[in-house]
Amino acid sequence: MEDLFTQMQSQAPELPEFTVSQISFEIKRFVETTFSKVKIKGEIFGAKRADSGHWYLSLKDENAVLSAVIWKGVALHLPFKPEDGLEVIATGKITTFAGKSSYQLVIEQMEIAGAGALLKLLEERKQKFAQEGLFDAAHKKPIPFLPLTIGVITSASGAVIRDIIHRVRDRFPSHILLWPTPVQGEGAADKIASAVEGFNSFPRDGLPRPDVLIVARGGGSLEDLWPFNEESVIRAVYNSEIPVISAVGHETDTMLIDYVADKRAPTPTGAAEFAVPVKSELQIKLNTIDNRLLSGLNRFMQEQRLRLESLSRGIPNLEQIFQECRQKFDDRWERLQTAFRSYILNKKHAMELVELKPSYIQNIFEKNQENLNNLVLRLESVSIDSVLRRGFAWVQNDKQQTVYSLEQAQKASVLKIRFHDGCLKTTVARKKNELQGDLFDI
């Protein structure tokens, strides 16, 4: 047996000898030549973006895991952000990494593995944000009726910004500030979110701070519109102090930004229509309101003028009342003077007939003076003001005639009752003895 074994060894071909570097190079050449272009379907696992901008991740299925890398230049043009749990189809080449005796897929292109997977991820995110309350109507802010400044976040080179500017100028020219951002591809979501935060950080005493923001993009595939479903954009819009109008895609496209925005527009042009009213319509409305206001004011003034004229006819002639009182006072004063003169003459005549002693004359004079004073007091006691102060009242009808009985009062339509401190104007009601009146001073 030993001779047979020795003979077999001597007949076997001699194996080539490699160094570690040589065998690693041969394996690398074989792998990269054989698998220079492959398309692999799997679920993203452990995705991580390095500071350099490269992405490191793994693709897995139920039986195996494949390491992968996306260089920065490729990652910038991906239509979506790599995320754990997302099923994708990656195209690239297999290469080896001799330092760790491992192999990996260098991804040159990556797409979602069917619209169903992307829609599933979209629904999961929608439920997550809804549970956090990001879509609650209570958080929605009203869009200002007439903003002075409109902030627009979109691509500077697309048709979207031209449509918005054109529509705003047609309706109601307003100041527009554009924050240009990419609207698809890797990094677009972060730049859109930064634009929303940047507009909100404007100082109120510097560059005009927008009163409303429009985040807009034209139509495209779900992958193209994916940045508007990213968490950074959703939270930036939710935290915005400035009201946000979303206008992403066509009317049938609905992104998560539409749920968190304060207003969703079907198109970028529709967003401009929501942002500003039509100036000509406002002018017509203002003219209509102005005409109605003037017409109402004129009608009100006319009604008040007629009412004033009606009331003035029922106001008594205070000058006439005063003159009547003055006439009665003059009459009584004249009668008093006549009586006084007659009295003095009589006494003087008596004194001439009878020669009296000085003391007796003095007594007579004092007595007469006392009588005169009593007469003055009596005259004053029967004056109108004195009688009224004792609780009496002077009643006249609308013809300035004194009313002496209830029957005369009931026949009059208006009664004026004078007291010592003012007059009361009354109207006679239908029921007997019912009077209505207002107090006024003379």
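These lines cover the structure that appears in this document, whether it is placed above or below. If you're wondering where the values come from, they're calculated on a predicted model, not measured in any experiment.

1. Regarding the overall build of the protein
- Secondary structure assignment for the protein yields 14 helices and 14 strands.
- Against the globule reference of 22 Å for 442 residues, the protein gives a C-alpha radius of gyration of 54 Å, more extended than a compact globule.
- The buried share among the 442 residues of the protein stands at 32%.
- Long-range contacts, defined as pairs at least 24 residues apart, comprise 61% of the intrachain contacts of the protein with a sequence gap of at least 6.
- With an accessible surface of roughly 28,900 Å², the protein has 55% of that area assigned to carbon and sulfur atoms.

2. Comments concerning helix α7 (residues 231-238)
- Every buried residue belonging to α7 is among Val 233, Ile 234, Ala 236 and Val 237, and all of these are buried. Seen from one end, α7 has its buried residues packed into an arc of 165 degrees, which puts them on one side.

3. Let's talk about the sheet that holds strand β7 (residues 175-180)
- Strand order in the open sheet made by the five strands is β7-β6-β8-β9-β10, with parallel pairing throughout. The strands lining the two open edges of the sheet, one partner per strand, are β7 and β10 (263-264).
- Where strand β8 (residues 212-217) and strand β9 (residues 244-248) come together, five bridges link them in parallel fashion. Residue Ile 214 lies in a different strand from β9, and its bridge partner there is Ile 245.
- Along the sheet, helix α5 (residues 159-171) makes contact with β6 (149-154), β7 and β8, crossing β6 at roughly 160 degrees.

4. Some words on the environment of Ile 214
- Within the secondary structure layout, Ile 214 lies in strand β8.
- Among all residues touching Ile 214, those that are not within four sequence positions of it are Ile 150, Gly 151, Val 152, Ile 153, Ile 164, Ile 245, Ala 271, Ala 272 and Ala 275.

5. Focus: the sheet that holds strand β2 (residues 55-60)
- Pairing is mixed around the closed barrel formed by five strands, whose spatial order is β1-β2-β3-β5-β4. Recorded for the sheet is a direction-independent mean angle of 50 degrees between the axes of neighbouring strands.
- Summarising the sheet, strand β1 (residues 38-49) and strand β4 (residues 87-97) pair through six bridges and their orientation is antiparallel. Within the sheet, the bridge partner assigned to Gly 42 lies in β4 and is Val 88.

6. A word on the packing of aromatic side chains
- Counted under the stated rule, the structure contains five aromatic pairs.
- Each ring, one from Phe 135 and one from Tyr 259, has its centre 5.4 Å from the other, and the planes form 35 degrees; the classification is tilted. Separated by 124 residues along the polypeptide, Phe 135 in the loop between α4 (115-131) and β6 and Tyr 259 in helix α8 (residues 256-260) bring together distant segments of the chain.
- Using a relative accessible area of 30% as the deciding quantity, one classes Tyr 259 as partly exposed.
- These aromatic residues form a ring-pair network of at least three members: Phe 129, Phe 135 and Tyr 259.
- The side chain of Lys 263 reaches across the aromatic face of Phe 274, ending 4.7 Å from its centre.
- Lying across the ring of Phe 172, Lys 279 places its NZ or CZ 5.7 Å from the centre.

7. Some remarks on the packing of helix α6 (residues 188-200) against α7
- At a minimum axis distance of 8 Å, the contact between α6 and α7 shows a crossing angle of 10 degrees. Comparing the axis directions of α6 and α7 gives the class roughly parallel. On α7, the residues touching Ala 189, Asp 190, Ile 192, Ala 193, Val 196 and Glu 197 of α6 are Ser 232, Val 233, Ala 236 and Val 237.
- Looking at side-chain class alone, the contact of α6 with α7 contains seven nonpolar, one polar and two charged residues.

8. What about the pairing of β8?
- A large share of β8 lies buried, amounting to six of its six residues.
- Burial of β8 is two-sided: the residues Val 212, Ile 214 and Ala 216 facing one way and the residues Leu 213, Val 215 and Arg 217 facing the other way are all buried.
- Here four bridges tie β6 to β8, and the two strands are oriented parallel to one another. Counted as the bridge partner of Gly 151 is Leu 213 from β8.
- In this region the chain leaves β8, passes through α7 and returns to the parallel neighbour β9; the handedness of that crossover is right-handed.

9. Some details on the pairing of strand β12 (residues 414-419)
- Burial within β12 is extensive, with five of its six residues counted as buried.
- Note that strand β11 (residues 394-397) and β12 share four bridges and pair antiparallel. From the neighbouring strand, Asn 397 faces β12, where its bridge partner is Leu 415.
- Here β12 pairs with strand β13 (residues 422-428) via six bridges, running antiparallel. When the sheet's bridge partners are listed, Lys 416 is paired in β13 with Lys 425.
- Hairpin connection from β12 to β13: two residues lie between these consecutive antiparallel strands.

10. Let's talk about the side chain of Thr 149
- Among the structural elements, Thr 149 can be located in strand β6.
- Looking at Thr 149, the relative accessible area reads 6%, which means it is buried.
- Excluding residues that lie within four positions of it along the chain, Thr 149 makes contacts with His 175, Leu 177, Pro 208, Arg 209, Pro 210, Asp 211 and Val 212.

Calculation criteria
Residues numbered from 1 in each chain as written. Predicted model: local features only at pLDDT ≥ 70, side-chain atom pairs only at ≥ 80, totals over all residues. Heavy atoms only, no water. Helix = DSSP H or I, 4+ residues; strand = E, 2+ residues; numbered from the N terminus. Rg over C-alpha atoms; globule rule 2.2 N^0.38 Å. Buried < 20%, exposed > 50% of the residue type's maximum accessible area, 1.4 Å probe, protein only. Contact = heavy atoms within 4.5 Å. Areas by Shrake-Rupley, 256 points an atom, 1.4 Å probe, with all protein chains shown as cover. Arc of directions from axis to C-beta. Pairing = 2+ DSSP bridges. Axes fitted to C-alpha atoms, helices over the stretch in contact; angles between N-to-C directions. Phe/Tyr/Trp six-rings, centres within 6.5 Å; stacked < 30°, edge-to-face > 60°. Lys NZ or Arg CZ within 6 Å of the ring centre and 35° of its normal. Parallel < 35°, antiparallel > 145°, perpendicular 65-115°, else oblique. Nonpolar A, V, L, I, M, F, W, Y, C, P; charged D, E, K, R; others polar. Right-handed = clockwise from strand over helix to strand, strands pointing away.

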